[in-house]
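As a plain string of letters, each chain reads:
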Amino acid sequence: MEFLCLICTERAYEELQPHEAARQLDEYVAFMNDIRESGHYVGCNRLLPAANAVTLRVREGKLSTTDGPFAETKEQLGGYFVLEARDLNEAIRIAAKIPGARHGCVEVRPIAERLLDPDALHVTEVPTHTEMR
Amino acid sequence: MSADVQDNIAERIDALYRSDSRRIFATLIRLLGDFDIAEEALHDAFRSALEQWPRDGVPANPRAWLVSTGRFKAIDGIRRRARFRPIDDVADAVEAIVDESVRFADDESIEDDRLRLVFTCCHPALSPDAQVALTLREVCGLTTEAIAQAFLTPAPTLAQRIVRAKAKIRDARIPYVVPDAHELPARLDSVLRVVYLVFNEGYSASSGDALTRVDLSAEAIRLGRLIVDMLPDAEAIGLLALMLLHESRRAARSSAEGEIVLLEAQDRAQWNAALIREGNELLSRALASRRFGAYTLQAAIAAAHANAPASEHTNWAQIVALYDVLLRIEPSPIVALNRAVAVAMRDGPQAGLAEIDAIEGRGELAGYHLLHAARADLCRRAGDAHAAKQAYERALALAKQQPERRFLMRRLAELTPKGGPDAAFRHDRRSSSAATPKSRV
């Protein structure tokens, strides 16, 4: 099963002092090598600072946009990992090693099974209501 | 077979249900991978026993029989429902169950399953409310209605909480395992906290209709014993000691009229000596391990009270010293308040008041009725009736539990000059014990 690990920190990589940024980069490289080797790695990305975010919504066909992330908090979404793990305990064990967990926090969310096949772009199987409980 | 023998078998099945159904359920969850299917399989298995045992005799290992019968009933059920499901799913589901090659019903693995169930229900990915509700429902086997009543929560709310928690276990893949050794300390904390929450709810909820309320303290003690039997960790032992030492005072804690009787005024002959003895033994075991923590220290404080033959023989210096250590490992304002009361008992009310001033000075516990009750009591002992009255009034404005409110009103009435309209409320037991937060007394 895949788990999305959202890394929330107070400062994005761009907002760090050069020596802090260099150290953090090293930590992430080491972490990524580890989970690639152990087979838990699926994907990851770093996000630019929340100042670059725009939030949009469409209501009655009308688009409105506001600057900033959808939740104004001291901490911002700084990046994510997608992990392959047997169960939640394994996901937590690996996510605990994400360097950002030591100064920010990491939200672990199971990724739902695909309803859509992105390559074929058709609905593969629509679960019944009871199966979605 | 005679009707007499049949009745005996029915009684035996009934007894087995009471003593073992939760164990069997825990194993069925592991074998079937789903709480709801396991619950249904459990009841199917007992129904089969009622049908077959009077005819065929009681099997040599009834527990193993019930587990394997429940398992086959569940497989049958999945096949029966197959008509409504894609055939591959059914094959997968049945294969997953039938392929189970590990030992599935010997006594040792059944005991492990109970522990798996405890750790799953107390998983930190579930909210604390859900952990408590799920543990009482699935591990203790209480009905949703009984849990709802015990926590004064509407039954539909509680039922929903349980359904959501079970869905999260399934969907977020919370595994059915006892955590690895390196995860165990953190995970055990969460289990012990659930047990402690259940116990405290039972301990402080002295109001209400005793006949219809589940005895939560007894359930918590049962859980505590289960954990100590299987995982003799120092803090698990310390928590069980703490619960037994508190429980030993139950009969003396309220009067026949349901009024609060403070520690100092309690009739110590009513304390349960057997529970105190067991609590003391467990406490020694926990202390000897040298890996103890906050629960064991609280148990040591409870033991200092339990072992004092009379209130005036209480070793307050030792209690203050224990609070000093407790405050270091658990720096909470509640612990500081308890310590303040112990300091007052050792050094006099003024010393205790200084400590309470310090807690309030840090902006803590201003909305906690027992802080004001403790202040009021110390002012009263120091002879400052005016300040005592003010503090009792503040405590009364914040207290919610009826027996506590009546207690505070009696104390207020005692401060009012004789012959006033409140004289009828006068408390004949002139107890002068410091009001100690209920969770610690």
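Structural data are supplied above this passage.
This one's a predicted model, so the numbers in the text were calculated from it and none came from an experiment.

(A) Seen up close, the overall build of chain A. Along its length, chain A carries three helices and eight strands. When the helices and strands of chain A are placed in sequence order, the string is β-α-β-β-β-β-α-β-β-β-α. Here chain A, with 133 residues, has 29% of them falling under the buried criterion. Just so you have it, chain A exposes about 9,300 Å², and 54% of that area is on carbon and sulfur atoms.

(B) Representation of unusual backbone geometry within the structure. Residue and element names in this part refer to chain B. Although it is not a glycine, R173 sits at a positive phi angle of roughly 55 degrees. Of note, R173 is situated in the loop between α8 (155-171) and α9 (184-204). The backbone of L365 sits at a positive phi, close to 65 degrees, despite the residue not being glycine. Within the fold, L365 resides in the loop between α16 (349-361) and α17 (369-381).

(C) Summary view of a nonpolar patch on the surface. Together, L56, V58 and L63 of chain A make up a nonpolar patch on the protein surface, roughly 300 Å² of accessible area in all. Its place among the elements puts L63 of chain A in strand β4 (residues 62-67).

(D) Region of the structure containing helix α11 (residues 234-247) of chain B. Residues and elements named next belong to chain B. For α11, built from 14 residues, the straight-helix expectation of 20 Å at 1.5 Å per residue is met to within 8% by its first-to-last C-alpha distance of 20 Å. Counted residue by residue, α11 has 14 buried out of 14 residues, so it is predominantly covered. With a side-chain oxygen lying 2.8 Å from the backbone nitrogen of E235, the N-terminal cap of α11 falls on D233.

(E) Representation of the sheet that holds strand β6 (residues 105-110) of chain A. Residue and element names in this part refer to chain A. Taken in spatial order, the four strands make up an open sheet running β2-β5-β1-β6, and their pairing is antiparallel. Looking at the sheet topology across the chains shown, the edges are occupied by β2 (41-46) and β6. This sheet shows a mean twist of 20 degrees between the axes of neighbouring strands, independent of strand direction. Note: strand β1 (residues 2-9) against strand β5 (residues 76-84), eight bridges, orientation antiparallel. Residue pairing for β5: E2 is matched across the bridge by E84. Helix α1 (residues 18-38) rests against β1, β2 and β5 of the sheet, and its axis sits at about 20 degrees to β5.

(F) Seen up close, the packing of helix α2 (residues 35-56) of chain B against helix α3 (residues 62-80) of chain B. Residues and elements named next belong to chain B. Where α2 contacts α3, the two axes come as close as 8 Å, and the packing angle between them is 120 degrees. With respect to α3, the axis of α2 lies oblique. Pair α2 / α3 crosses with right-handed handedness. Taken together, the residues of α3 that come into contact with α2 (itself represented by I37, A41, D44, A45, F46, S48, A49, Q52 and W53) are P62, W65, L66, T69, G70, K73 and A74. Across the contact of α2 with α3, the residue classes break down as ten nonpolar, four polar and two charged.

(G) Main features of the interface of chain A and chain B. On the side of chain B, 14 residues touch chain A, which itself brings ten residues to the contact. Of the roughly 1,000 Å² buried between chain A and chain B, counting both surfaces, carbon and sulfur atoms make up 47%. Across the contact surface, chain A and chain B share two salt bridges. Among the salt bridges present, the one from D180 of chain B reaches R93 of chain A, with a minimum N-O distance of 3.8 Å. Where chain A touches chain B, the interface holds four residue pairs in polar contact (both at pLDDT 80 or more). Considered class by class, the residues forming the side of chain A that touches chain B number five nonpolar, one polar and four charged.

(H) Focus on the nonpolar core. Residue and element names in this part refer to chain B. By size, the foremost hydrophobic cluster in this structure holds 105 residues, and its most contacted members are L66 and L117. Those residues in contact with L117 that lie beyond four places of it in its chain are F25, A26, I29, F35, E138, V139 and Y176. If you look at the next biggest cluster of nonpolar residues, it comprises 28 residues, including L365, A387, A388 and A399.

(I) Structural context of the state of the cysteines. All names here are of chain A. Counted by the stated rule, this structure contains zero disulfides over all chains. Not engaged in a disulfide, the cysteine C8 finds its nearest cysteine sulfur in C105; these two sulfurs lie 4.7 Å apart. Unpaired in this structure, C44 has its nearest cysteine sulfur neighbour in C5, at a distance of 11 Å.

(J) Summary view of the side chain of S190 of chain B. Its location among the elements puts S190 of chain B in helix α9. For S190 of chain B, the contacting residues outside a window of four places in its chain are C122, P124 and Q131 of chain B.

(K) View of the packing of aromatic side chains. Residues and elements named next belong to chain B. Taken as a whole and judged by the stated rule, the model has six aromatic pairs over all chains. For the ring pair W53 and W65, a centre distance of 5.2 Å and an interplane angle of 70 degrees mean the geometry is edge-to-face. With W53 in helix α2 and W65 in helix α3, this pair connects stretches of sequence that are twelve residues apart. Overall, W53 belongs to the buried group, its relative accessible area being 3%. When the ring of Y196 is compared with that of Y295, the centres are 5.3 Å apart and the planes differ by 70 degrees; the resulting orientation is edge-to-face.

(L) Examining the pattern of salt bridges more closely. Taken as a whole and assessed by the stated rule, the structure comprises 40 salt bridges over all chains. Of the charged contacts in the structure, one is a salt bridge between D87 of chain A and R86 of chain A, with a shortest N-O distance of 3.6 Å. According to the relative accessible area criterion, D87 of chain A is buried, its value standing at 9%. When its relative accessible area of 54% is taken as the criterion, R86 of chain A is described as exposed. Its salt-bridge partner being D20 of chain B, residue R23 of chain B comes within 3.6 Å of it at the nearest N-O pair. Note that R23 of chain B and D20 of chain B are positioned in helix α1 (residues 3-32) at a spacing of three residues, about one turn of the helix. The pair formed by R23 of chain B and D20 of chain B is uniform in burial state, with each residue classed as buried. A single network of salt bridges, built from pairs that share partners, joins R22, D36, E39, R137, E138 and K166 of chain B.

Rules used in this analysis
- Residues numbered from 1 in each chain as written.
- Chains lettered and ligands numbered in written order.
- Predicted model: local features only at pLDDT ≥ 70, side-chain atom pairs only at ≥ 80, totals over all residues.
- Heavy atoms only, no water.
- Helix = DSSP H or I, 4+ residues; strand = E, 2+ residues; numbered from the N terminus.
- Buried < 20%, exposed > 50% of the residue type's maximum accessible area, 1.4 Å probe, protein only.
- Areas by Shrake-Rupley, 256 points an atom, 1.4 Å probe, with all protein chains shown as cover.
- Patch = residues over 30% accessible without salt bridge, like charges linked within 9 Å, V, L, I, M, F, W, Y side chains within 5 Å.
- Salt bridge = Lys/Arg side-chain N within 4 Å of Asp/Glu carboxyl O.
- Expected span 1.5 Å × (residues − 1).
- Polar contact = N/O pair within 3.5 Å; in protein donor to acceptor, adjacent residues only side chain to side chain.
- Pairing = 2+ DSSP bridges.
- Axes fitted to C-alpha atoms, helices over the stretch in contact; angles between N-to-C directions.
- Contact = heavy atoms within 4.5 Å.
- Parallel < 35°, antiparallel > 145°, perpendicular 65-115°, else oblique.
- Left-handed = near helix turned anticlockwise from the far one by under 90°.
- Nonpolar A, V, L, I, M, F, W, Y, C, P; charged D, E, K, R; others polar.
- Buried area = accessible area lost by both parts, 1.4 Å probe.
- Core = buried A, V, L, I, M, F, W, Y, C linked by side-chain atoms within 4.5 Å.
- Disulfide = S-S within 2.5 Å.
- Phe/Tyr/Trp six-rings, centres within 6.5 Å; stacked < 30°, edge-to-face > 60°.

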